[in-house]
Every structure is written in C-alpha cells, then in structure tokens.
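# Fold and contact review
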Amino acid sequence: MTNIKNLKMKITNVANSAIKKSNDLVEVTKINLKINSLESEIEELYKKIGMDVFQKYMNGIDELQLKYEQECDLIKTKYDEIMKLKQKAALLKGFKFCQKCNSEIEAEYVYCPKCGSMQNE
Ligand SMILES: [Zn+2]
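The rules we used
- Residues numbered from 1 in each chain as written.
- Predicted model: local features only at pLDDT ≥ 70, side-chain atom pairs only at ≥ 80, totals over all residues.
- Helix = DSSP H or I, 4+ residues; strand = E, 2+ residues; numbered from the N terminus.
- Rg over C-alpha atoms; globule rule 2.2 N^0.38 Å.
- Buried ≥ 20, exposed ≤ 12 C-beta atoms within 10 Å, placed from the backbone.
- Contact = placed C-beta atoms within 7 Å.

### Quick notes on the overall build of the protein chain
- Helix and strand counts for the protein chain stand at 2 helices and 2 strands.
- Along the protein chain, from the amino end to the carboxyl end, the secondary structure elements read α-α-β-β.
- Computed over the C-alpha atoms, the radius of gyration of the protein chain is 23 Å, more than 25% above the 14 Å expected from 2.2 N^0.38 for a compact globule of 121 residues.
- Overall, the protein chain is about 90 × 30 × 20 Å in size when its C-alpha atoms are taken along their principal axes.

Below is the structure:
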C-alpha cells in the first residue's frame, strides 16, 4: 500500500517537473523572440546612423565627427537588455554566463571550466 502511494507520488513529481520544464521552454522561446526584436531595433539604429553620416558626406560637410549620443545610448541600453534576457534564459536552462569570458557554464559551477575564473554570486 505504501509502495503504491510512493509510486503515485513519484509519478506526480515527474509530471510536475515535466510541466515546469515545458513552461521554462515557453519562457525561453519568449525571451529569444524578445532578443530577436531588440537585435532588429539595433540594426535599424545602425542603419539610421550610417544614412545620416552618408547624407552629411553628400552635402559636403567634412565635419564627420558627428554626435550620435542618443542613438548610441539607445543601442547600449538594448545590448544591456539582451544580456539580461540571455542570462534569464540560461538560468531557465540551468546555465549561467562566466563573468570573465562569457561562456555558458552550468549554474552551480563556482569556477569557469573554460577560463578558470571564480564566479561571484
Ligand atoms: Zn570563463
């Protein structure tokens, strides 16, 4: 009787962990979609900067030290967001990124197997 109860509990646990795994997978897919859209936004900003520089060149403005702080700030913000999303996705898959070389390593590792640097929590 106890064995059957234990078996039932085991099956329930396996089922629950399967549900969690598939929820994590959905979350990882959502994160990847968000990363793709951020990367397209960055591409658009690069294009805008390039077009502006070329326009100035065509207009004979030799002052090509143009200020693109706003665009560059936006791009940096988006790259930061992508890094955070990648870390979130990695954690859902049981990984994290090495703080030094940025390799994907197992979440519980204290030292990076690639570069050997210690990971601070
Ligand atoms: Zn490393």
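That shown, we press on.
### What to know about the environment of Gln-99
- When you line up the elements, Gln-99 lands in the loop between strand E1 (95-97) and strand E2 (104-106).
- Taking the number of C-beta atoms within 10 Å as the measure of exposure, Gln-99 has 13 and is therefore partly exposed.
- As a C-alpha pair, Gln-99 and Ser-117 span 18 residues in sequence and 8.0 Å in three-dimensional space.
- If near-sequence neighbours (up to four positions away) are discounted, Gln-99 is found in contact with Ser-117, Gln-119 and Asn-120.

No statement about biological role is implied by the geometric values presented.
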